[in-house]
Amino acid sequence: MVLALVLSGAVLALVLLGLFVLGLRRRLIQRSGGTFDCSLRWDAPEDAESGGKGWAYGVSRYSGDHVEWFRVFSYALRPRRLLEREAIEVLSRRTPQGEEELALLSDSVILACSHRGVRVELAMSEDALTGFLAWLEAAPPGRRVNVA
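Attention in this report is confined to the structure presented alongside it. As the structure is a prediction and not an experimental result, all values here were calculated from the model.

1. Topic: the overall build of the protein chain
Phase 1 of the analysis: Within the protein chain one finds 3 helices and 8 strands.
Phase 2 of the analysis: Secondary structure elements of the protein chain occur, N-terminal to C-terminal, as α-β-β-β-β-β-β-α-β-β-α.
Phase 3 of the analysis: A compact globule built from 148 residues should have a C-alpha radius of gyration of about 15 Å, whereas the protein chain, at 18 Å, is more than 25% larger.
Phase 4 of the analysis: Its C-alpha atoms give the protein chain principal-axis dimensions of roughly 70 × 35 × 25 Å.

Rendered as structure tokens:
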């Protein structure tokens, strides 16, 4: 009986420690500012028939001429994806359809982009989308930016 209590207490402590570390990591990512919630689907299909498959919930951070994308449920301090401003080409914009409504946050707008020949879909709030498009258009003079 005592062993069971000790083991369940240890498991509970490990779970709480894991949740604390995830929260601390998110706080460290957001500390430098310029962050927004952003789900990502890398190498996305061109048709919306795939439903909600392939979406990963994350946090994006502006950092100079690129956006760093971090998975929410990861302990890594480095970004999982790096999107460079000059390599992003906006293809279209749409609302979630079918099963995507369940896989994404409720107020999400999906932005289909091309990044170095790879089709990428970003799902974010309308406010975050406005900021993202403004960031894309605010490229320094002489840089190529493709915004549809």
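2. Focus: the sheet that holds strand E4 (residues 66-71)
Phase 1 of the analysis: Pairing is antiparallel across the open sheet formed by 4 strands, whose spatial order is E1-E3-E4-E5. Only two strands of the sheet have a single neighbouring strand rather than two, namely strand E1 (35-37) and strand E5 (81-84). On average, each strand axis in the sheet is inclined to that of its neighbour by 25°, with strand direction left out of account.
Phase 2 of the analysis: Pairing analysis gives 6 bridges linking strand E3 (residues 58-63) to E4, with the strands arranged antiparallel. In the strand pairing of E4, Arg-61 is matched with Glu-68.
Phase 3 of the analysis: On top of the sheet, helix H1 (residues 2-30) reaches E1, E3 and E4; it is set at about 25° to E3, its chief contact.

3. Topic: the nonpolar core
Phase 1 of the analysis: In this structure, Ile-88, Leu-111, Leu-122, Met-124, Phe-132 and Leu-136 are the most contacted members of the largest nonpolar core, which totals 21 residues.
Phase 2 of the analysis: Take this core: its biggest share by element is 6 residues, from helix H3 (residues 126-137).

4. So, the pairing of strand E7 (residues 108-115)
Phase 1 of the analysis: Where burial is concerned, most of E7 is hidden: 8 out of the 8 residues are buried.
Phase 2 of the analysis: Burial along E7 is two-sided: the face carrying Ser-108, Ile-110, Ala-112 and Ser-114 and the face carrying Val-109, Leu-111, Cys-113 and His-115 are both buried.
Phase 3 of the analysis: Two strands pair when backbone bridges link them, and strand E6 (residues 88-94) and E7 are joined in this way by 6 bridges, in the antiparallel orientation. Across the sheet, Ser-92 pairs through a bridge with Ala-112, a residue of E7.
Phase 4 of the analysis: Both E7 and strand E8 (residues 118-125) contribute to a ladder of 8 bridges, which runs antiparallel. Bridge pairing in E8 places Ile-110 opposite Ala-123.

5. Comments concerning the packing of aromatic side chains
Phase 1 of the analysis: With the rule as written, the count across this model stands at 4 aromatic pairs.
Phase 2 of the analysis: With a centroid separation of 5.9 Å and 35° between ring planes, the pair formed by Phe-132 and Trp-135 is classed as tilted. Placement of both Phe-132 and Trp-135 in helix H3 is noted, with a separation of 3 residues, approximately one turn of the helix. Accessibility assignment for this pair places Phe-132 and Trp-135 in one class, buried.
Phase 3 of the analysis: Through successive ring pairs, a cluster of aromatic residues spans Phe-36, Tyr-62, Phe-132 and Trp-135.

Definitions and cut-offs
- Residues numbered from 1 in each chain as written.
- Predicted model: local features only at pLDDT ≥ 70, side-chain atom pairs only at ≥ 80, totals over all residues.
- Heavy atoms only, no water.
- Helix = DSSP H or I, 4+ residues; strand = E, 2+ residues; numbered from the N terminus.
- Rg over C-alpha atoms; globule rule 2.2 N^0.38 Å.
- Pairing = 2+ DSSP bridges.
- Axes fitted to C-alpha atoms, helices over the stretch in contact; angles between N-to-C directions.
- Contact = heavy atoms within 4.5 Å.
- Core = buried A, V, L, I, M, F, W, Y, C linked by side-chain atoms within 4.5 Å.
- Buried < 20%, exposed > 50% of the residue type's maximum accessible area, 1.4 Å probe, protein only.
- Phe/Tyr/Trp six-rings, centres within 6.5 Å; stacked < 30°, edge-to-face > 60°.

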